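# Residue-level structure breakdown
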Amino acid sequence: MFRHKGKGRTYSHNLKLASILSGVAGVVNIVGVLELNMLTTNVTGHFAFFSEELVLKNYSMAFIYLFYIIFFLFGAFMSSLIMEWVSKYKPQTSYVIPIIIEIALLLGVGFSAFLLPKEHHSIAILLSSALLFSMGLQNALVTRVSQSVVRTTHLTGLFTDLGIELSQLFFYREKLERLRLRKSIFLKLAIISCFFLGGIIGGFTYPYFGSKTLLFPVTLLLFTLWYDRLLFRYYYLRRKFRSQH
């Protein structure tokens, strides 16, 4: 899902990546809302709140929303910076460090109830910022790996693109064009569906596990690392076996 880039990357790779990581984003989003009363997978709403607090001259709250926006941006920046640096030495594993950082952040927030009193306002801000950072990190990672085909942490642009492509079905007549269009529509529907599914699963699970619901997306992220390594090992052994015969 992560290793293949450029011409070696297929529609199947993007579909698998989009499905799993949009599910991760869906769970993180609902846990952020239920645990911290905060949207943590995009910054659109935070810009609205930031503007509102500025108009009301509540500058401390305005600064907090600006802080959230910057943390999402910083997550995307760090993800790209790390991938760019690692790719100079080990291009096939440039995605590993950002994923590990995301896993560590989700684990930290997931078990924060044992260590930190979330009722304290500054702690809630810290945890919200950690989730925003992790989602900025994931979105930049997926965008780079898929060459801007997949984004998993917000749906506004996806619904816009989906509406455009659905309208194009009425006009495209050539077989190859319609096939490409249908595949693109299916990919976007998969992202949207998995985001919703992640939100539903997280919503039903949260009353029983609280912030530890984030262990589910952590498991999905670990699976993506395991899947790529297992697949790489399989192809390596198959090539080695063929060369010996």
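Residues numbered from 1 in each chain as written. Predicted model: local features only at pLDDT ≥ 70, side-chain atom pairs only at ≥ 80, totals over all residues. Heavy atoms only, no water.

Identification of the protein as YoaK family protein from Chryseobacterium tructae is taken from an unreviewed UniProt entry.

## A short note on the overall build of the protein
Helix and strand counts for the protein stand at nine helices and zero strands. In the protein, the succession of α and β elements from N to C terminus is α-α-α-α-α-α-α-α-α. Here the protein holds 245 residues, and 44% of them are scored as buried. When the accessible surface of the protein is totalled, it reaches about 13,600 Å², and 70% of it is carbon and sulfur. (Helix = DSSP H or I, 4+ residues; strand = E, 2+ residues; numbered from the N terminus. Buried < 20%, exposed > 50% of the residue type's maximum accessible area, 1.4 Å probe, protein only. Areas by Shrake-Rupley, 256 points an atom, 1.4 Å probe, with all protein chains shown as cover.)

## Some details on a nonpolar patch on the surface
Together, Phe-63, Leu-66, Ile-70, Phe-74, Phe-77 and Leu-81 line one region of the surface with nonpolar side chains, adding up to about 570 Å² of accessible area. Within the fold, Leu-81 resides in helix 3 (residues 59-87). (Patch = residues over 30% accessible without salt bridge, like charges linked within 9 Å, V, L, I, M, F, W, Y side chains within 5 Å. Salt bridge = Lys/Arg side-chain N within 4 Å of Asp/Glu carboxyl O.)

## Here's the deal with the pattern of salt bridges
Under the definition given, this model contains two salt bridges. The salt bridge partner of Glu-84 is Arg-144, with a shortest N-O separation of 3.0 Å. Of this pair, Glu-84 sits in helix 3 while Arg-144 sits in helix 6 (residues 121-145); the two residues are 60 residues apart in sequence, bridging distant segments of the chain. With a closest N to O distance of 3.3 Å, Glu-165 and Lys-188 form a salt bridge. Taken together, the residues Glu-165 in helix 7 (residues 156-168) and Lys-188 in helix 8 (residues 175-209) connect sequence positions 23 residues apart. There is no split in this pair, since Glu-165 and Lys-188 are both buried.

## Topic: the packing of aromatic side chains
Applying the stated criterion to the full structure yields nine aromatic pairs. The structure contains a cluster of three or more aromatic residues connected by ring pairs, namely Phe-63, Phe-67, Phe-71, Phe-74, Phe-77 and Phe-133. Here the guanidinium or amino end of Lys-183 rests over the ring plane of Tyr-11, the centre of that ring lying 4.8 Å away. (Phe/Tyr/Trp six-rings, centres within 6.5 Å; stacked < 30°, edge-to-face > 60°. Lys NZ or Arg CZ within 6 Å of the ring centre and 35° of its normal.)

## A few points about the confidence of the model for the protein
The predicted model of the protein has a mean per-residue pLDDT of 87, with 88% of residues at 70 or higher. At the low end of the mean pLDDT range in the protein sits helix 5 (residues 112-115), at 76; at the high end sits helix 4 (residues 96-110), at 95. (pLDDT = per-residue confidence, 0-100.)

## Here we look at the packing of helix 4 against helix 6
Between two packed helices, what matters for the description is the angle formed by their axes and the separation of those axes. Contact geometry for helix 4 and helix 6: axes closest at 9 Å, N-to-C directions at 155 degrees. Classified by the interaxial angle, the pair formed by helix 4 and helix 6 is roughly antiparallel. Every pair of crossing elements has a handedness; the one defined by helix 4 and helix 6 is left-handed. Along its contact with helix 4, which presents Pro-98, Ile-99, Ile-101, Glu-102, Leu-105, Leu-106 and Val-109, the element helix 6 presents Leu-127, Ala-130, Leu-131, Phe-133, Ser-134, Met-135, Leu-137, Gln-138 and Leu-141. Its residues placed into classes, the contact of helix 4 with helix 6 shows 13 nonpolar, two polar and one charged. (Axes fitted to C-alpha atoms, helices over the stretch in contact; angles between N-to-C directions. Parallel < 35°, antiparallel > 145°, perpendicular 65-115°, else oblique. Left-handed = near helix turned anticlockwise from the far one by under 90°. Contact = heavy atoms within 4.5 Å. Nonpolar A, V, L, I, M, F, W, Y, C, P; charged D, E, K, R; others polar.)

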